[in-house]
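Now for the letters of each chain:
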Amino acid sequence: MVSRSYTNLLDLASGNFPTFGRTGKRLPRVMTVAGVLSDLDDENSNSITSDGPSSVSQDRMIIVGNQLPIHAHRRRDSKGWDFSWDEDSLLLQLKDGLGEDVEVVYIGCLREEIELDEQDGVSQTLLEKFKCVPTFLPLDLFSKFYHGFCKQYLWPLFHYLLPLSPDLGGRFDRSLWQAYVSVNKIFADKIMEVISPDDDFVWVHDYHLMVLPTFLRKRFNRVKLGFFLHSPFPSSEIYRTLPVRDELLRALLNADLIGFHTFDYARHFLSCCSRMLGIAYESKRGYIGLEYYGRTVSIKILPVGVHTGQIQLVLRLPETEARVAELRDQFKDRIVLLGVDDMDIFKGISLKLLAMEQLLMQHPEWRGKLVLVQIANPARGRGKDVQEVQSETYTTAKRINERFGRPGYKPVILIDSPLKFYEKIAYYVIAECCLVTAVRDGMNLIPYEYVICRQGNPTLDKILQFDPSVAKKSMLVVSEFIGCSPSLSGAIRVNPWNIDSVAEAMDSALVIQEAEKQLRHEKHYKYVITHDVGYWANSFLQDLQRACRDHLMRRCWAIGFGLSFRVVVLDYTFRKLSVDQIVSAYKRTSSRAILLDYDGTIMPQTSINKTPTREAIDTLKSLCDDSQNLVFLVSGREKKTLGDWFSSCDKLVIAAEHGYFLREKSDLEWETCVSVADFDWKQIAEPIMQSYTEATDGSYIETRESALVWHYQYADRDFGSCQAKELLDHLESVLTNEPVSVKSGQHIVEVKPQGVSKGLVAERLLSMARRRDKLLPDFVLCIGDDRSDEDMFEVIMSAKAGPNLSPVAEVFACTVGQKPSKAKYFLEDTTEIVRMLQGLASASGRPEITGGRSDPPQTLPE
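Keep in mind that what you see is a predicted model, and the values were worked out from it rather than measured. (Residues numbered from 1 in each chain as written. Predicted model: local features only at pLDDT ≥ 70, side-chain atom pairs only at ≥ 80, totals over all residues. Heavy atoms only, no water.)

Asker: Residues and numbers for the overall build of the protein, please.
Answerer: Helix and strand counts for the protein stand at 27 helices and 33 strands. Its C-alpha atoms put the protein at 115 × 75 × 55 Å along the principal axes. Counting every position in the protein, which comprises 862 residues, the buried fraction comes to 56%. Considering only intrachain contacts with a sequence separation of at least 6, the fraction spanning at least 24 residues in the protein is 71%. For the protein, the computed accessible surface area is about 37,700 Å², with 50% contributed by carbon and sulfur atoms. (Helix = DSSP H or I, 4+ residues; strand = E, 2+ residues; numbered from the N terminus. Buried < 20%, exposed > 50% of the residue type's maximum accessible area, 1.4 Å probe, protein only. Contact = heavy atoms within 4.5 Å. Areas by Shrake-Rupley, 256 points an atom, 1.4 Å probe, with all protein chains shown as cover.)

Here it is, written out as structure tokens:
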């Protein structure tokens with residue numbers, strides 16, 4: 001789906017300037033102003049969206065990565081550049097899975113530095129010929145971003161290396177973090193040049209661009225945005241040491257779909273969201289999602305695959321066949337073990353060499369027969385740790401060769417010079433077993449490539465003198481700590497730190513029966529060939545489409561500053577309650593019902609002293625003194641507490657313990673709204689709650705006359721949530737024949753009599769107002785802040801169709817804060833609520849003079 005902004009870019013690049021006057025369409029708006037995202041195509045919008053869906057049916061995917069899948073080469077005459085696709089790039093390979101009807105645009109950096117005066121020409125060439133939009137970064141900024149924050153701090157931390165000293169990873173540097181944020185913002189600016197936000201999908205890759213979702217969501221509230229993390233995500237105990245932990249989590253949550261290679265990585269991310277942001281996840285019909293300010297952020301768990309077609313093509317190259325023949329002759333009468341790793345601290349090359357040494361010591365029969373070929377790719381990072389790994393690797397390999405080698409035989413062959421891809425493929429073909437002993441790796445596709453190569457083809461079978469009628473075989477020894485390990489069920493999994501165990505696994509891989517090797521190979525080959533990079537990309541796109549299918553039907557509110565920015569998705573009719581509007585309605589009505597929650601509504605939830613202020617009491621008393629008002633206070637607190645606090649408000653109707661107790665005036669007795677024969681169920685529930693309290697540090701029991709409540713807000717988040725689920729199931733099973741309901745709420749598990757809810761109380765209070773004045777109430781205000789108040793909102797919103805309200809009644813259901821709710825209005829906090837109530841109190845006795853309603857109050861039939 002070609003965006004108008006993108007088409008214009010192409011026109012400008014080719015010198016064909018568009019004539020906007022003939023199109024009759026508005027230019028795409030590419031700036032965002034904080035505020036409400038209004039209905040589609042609203043010219044008076046305060047937040048900016050795009051012009052609406054394009055008429056072009058083709059989908060478009062904007063793929064964003066740190067590096068473009070492009071090779072750049074300076075021409076020999078130093079006049080300009082030549083460009084070609086990087087066939088090994090995952091970003092290029094995944095295009096095959098998106099389908100021919102999906103146009104792909106790439107955004108990222110080039111590996112080579114482009115001079116300032118050449119950048120415009122390079123951008124034009126890449127856009128026209130490759131549909132790539134290069135991001136040019138100043139050299140010093142790129143160094144701080146990539147070699148500084150990404151490689152020296154974020155990458156080690158995500159691989160479980162804490163900066164306990166300056167030598168162990170980099171200490172957090174605020175200037176490097178600022179560079180990281182700046183680069184992400186530059187990437188967002190580049191995306192703005194080409195995006196049609198209502199049509200295009202954006203897929204951001206890896207930890208280099210983790211805050212990019214925030215910048216995109218801020219510019220385009222309805223952007224269809226996916227993010228995939230290709231590295232591990234550490235456990236919460238590691239991640240919580242990150243000084244900018246909340247900023248990164250909130251930034252990722254601005255995506256619609258977040259992808260991980262394994263469940264472990266996803267589980268760690270979800271645990272961090274729970275522990276640090278208080279956001280719990282839910283699983284619905286096989287999909288995992290996080291509810292974040294009304295948006296559902298979906299979680300995708302699927303390991304990436306290899307491009308099987310590309311590997312099979314390379315296997316058929318004459319160069320590959322020739323190299324395989326050379327290696328066949330070189331390793332004649334030898335058994336080859338193969339390792340292919342980057343030269344960095346997490347790939348475990350030295351551990352692999354130590355295991356080889358141990359194997360030759362414990363199994364002398366392999367001496368002279370077994371060869372370990374270790375291909376060491378150049379390190380992607382730089383620094384002292386890389387030098388130490390290189391030194392240790394060379395020293396260990398030299399020691400093993402000196403101890404066990406002899407003329408014509410070297411047990412370890414270390415290849416540290418760059419190899420072409422077909423050369424690596426040739427080594428895969430002749431290797432009897434592939435070893436991956438990384439101590440931590442996000443995915444690692446080496447085992448997948450090895451399995452494809454061992455399947456071979458008829459020409460290679462002929463070169464290696466394989467019988468084509470015999471099933472192919474391969475063996476894998478892989479670390480438990482790499483992302484591909486769970487998908488390779490036939491591999492021998494090892495703890496790379498246990499040298500003896502790795503050595504024994506290597507021996508087992510060699511001596512295992514041929515039939516077993518064939519079965520394991522067949523199992524792995526079927527998985528790898530069906531779960532290739534195309535399958536992975538197509539699956540991610542399908543889930544992204546599912547996650548974004550309701551975007552155009554949503555009303556969004558943009559709130560927060562900087563990296564705390566987020567979008568709140570709300571009902572189209574949801575808006576802030578205007579004090580002028582409600583005061584005007586208040587003045588022109590004559591029979592009013594006002595229903596108020598207490599905690600979180602009149603009194604802030606965070607306040608330690610929960611006693612109402614004199615200001616709040618005076619306001620309620622003033623409202624109660626108006627003869628046209630009936631004011632209700634509905635709270636979960638005990639009746640004695642509420643009675644003492646509001647003893648001066650004689651006419652205030654109080655419903656305590658969520659409506660179980662009710663008192664119409666201060667001089668009347670409390671009555672029960674629900675008939676309960678006995679509370680014998682407490683003798684069953686309380687000992688169970690007590691046992692969970694003893695087992696859960698930080699939890700406690702609140703005993704009310706009508707209910708028992710188990711609180712765990714001060715317990716460990718994960719453990720408390722787990723215990724709450726267990727307690728809920730336990731209580732439901734033992735109380736199944738009792739007249740009670742067991743419910744979970746925000747950090748609570750509550751047992752109360754059946755029928756007790758604020759919704760039922762709201763129905764009774766409206767009926768009470770109807771009976772008292774013999775008038776149908778024509779004004780209803782209901783304010784609450786939590787889940788229990790949603791029952792009240794539902795009742796009063798539907799009451800206009802019933803017998804307790806005038807058909808023309810003014811109904812205001814108002815929640816506290818901008819969040820998904822059945823209420824149609826919101827106020828930001830308790831301060832605004834008290835101020836609004838004071839406005840109503842001051843308006844009592846002063847009827848509306850202009851603009852009032854002409855309908856007389858409706859009286860009830862006698």
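Now that the structure has been shown, the text picks up again.
Asker: So what's going on with the environment of glutamate 738? Residues and values would help.
Answerer: Residue position: glutamate 738 is located in the loop between α24 (717-734) and β29 (740-745). Assessed through its relative accessible area of 25%, glutamate 738 is described here as partly exposed. Spatially, the C-alpha atom of glutamate 738 lies 9.2 Å from that of glutamine 754, the residues being 16 residues apart in sequence. Contacts of glutamate 738, omitting those with residues within four sequence positions, involve Trp681, Ile684 and Gln754.

Asker: Could you give an account of helix α10 (residues 308-315), naming the residues involved and the relevant values?
Answerer: Listing the buried residues of α10 in full gives Thr308, Gln310, Ile311, Val314 and Leu315. Along the axis of α10, the buried residues cluster in a sector spanning 165°; they form a single face. Buried residues along α10 sit against α2 (90-93), α11 (318-330), α14 (421-430), α15 (446-455), α16 (458-464) and α18 (514-530). (Arc of directions from axis to C-beta.)

Asker: Would you mind going over the side chain of threonine 396 in detail, with residue names and values included?
Answerer: For threonine 396, the location among the structural elements is in helix α13 (residues 384-404). Threonine 396 sits in the buried class, given a relative accessible area of 4%. Those residues in contact with threonine 396, other than ones at most four positions away along the chain, are Leu353 and Leu354.

Asker: Explain the environment of leucine 127 to me, using residue names and the numbers behind them.
Answerer: Position of leucine 127 relative to the elements: it lies in helix α3 (residues 119-130). Along the sequence, leucine 127 and serine 767 sit 640 residues apart, while their C-alpha atoms lie 69 Å from each other.

Asker: Outline the pattern of salt bridges, supporting the account with residue identities and numerical values.
Answerer: Scanning all chains against the criterion turns up 45 salt bridges. Across the pair lysine 131 and glutamate 103 runs a salt bridge whose closest N-O atoms are separated by 3.4 Å. On the criterion of sequence distance, the pair formed by lysine 131 in the loop between α3 and β6 (132-134) and glutamate 103 in strand β5 (residues 102-109) is long-range, its members being 28 residues apart. For glutamate 103, a relative accessible area of 6% translates into the label buried. Its salt-bridge partner being glutamate 810, residue arginine 588 comes within 2.8 Å of it at the nearest N-O pair. Of this pair, arginine 588 sits in the loop between α20 (579-587) and β22 (592-596) while glutamate 810 sits in strand β32 (residues 810-816), and the two are 222 residues apart along the sequence. Residue class for arginine 588 comes out partly exposed when judged on its relative accessible area of 25%. One continuous salt-bridge network, built from bridges that share partners, spans Glu432, Arg454, Lys473, Glu514 and Lys517. (Salt bridge = Lys/Arg side-chain N within 4 Å of Asp/Glu carboxyl O.)

Asker: Which residues make up the packing of aromatic side chains, and what values go with them?
Answerer: Counted under the stated rule, the structure contains 35 aromatic pairs. Aromatic rings pair up to connect Phe142, Phe145, Tyr146, Phe149, Tyr153, Phe172, Trp177 and Tyr180 into one cluster. Seen from the ring of tryptophan 155, lysine 151 lies directly overhead, with NZ or CZ sitting 4.6 Å from the centre. Sitting over the ring of tyrosine 586, arginine 592 keeps its end group 3.8 Å from the ring centre. (Phe/Tyr/Trp six-rings, centres within 6.5 Å; stacked < 30°, edge-to-face > 60°. Lys NZ or Arg CZ within 6 Å of the ring centre and 35° of its normal.)

Asker: Tell me what's going on with the packing of α10 against α14, and back it up with residues and numbers.
Answerer: Two elements in contact, α10 and α14, have axes whose closest approach is 10 Å; the angle formed by their N-to-C orientations is 85°. It follows that α10 is roughly perpendicular to α14 by the angle criterion. Contacts between α10 and α14 involve Ile311, Val314 and Leu315 from the former and Phe421, Tyr422, Ile425 and Val429 from the latter. Split by residue class, the contact of α10 with α14 holds 7 nonpolar, no polar and no charged. (Axes fitted to C-alpha atoms, helices over the stretch in contact; angles between N-to-C directions. Parallel < 35°, antiparallel > 145°, perpendicular 65-115°, else oblique. Nonpolar A, V, L, I, M, F, W, Y, C, P; charged D, E, K, R; others polar.)

Asker: Break down unusual backbone geometry for me, citing the residues and quoting the values.
Answerer: One non-glycine residue, asparagine 444, adopts positive backbone phi at about 75°. Relative to the helices and strands, asparagine 444 resides in the loop between β16 (433-436) and α15. Unlike most non-glycine residues, histidine 658 shows phi in positive territory, near 60°. Note that histidine 658 resides in the loop between β24 (653-656) and β25 (661-663). Residue classification places histidine 658 among the buried positions, given a relative accessible area of 12%.

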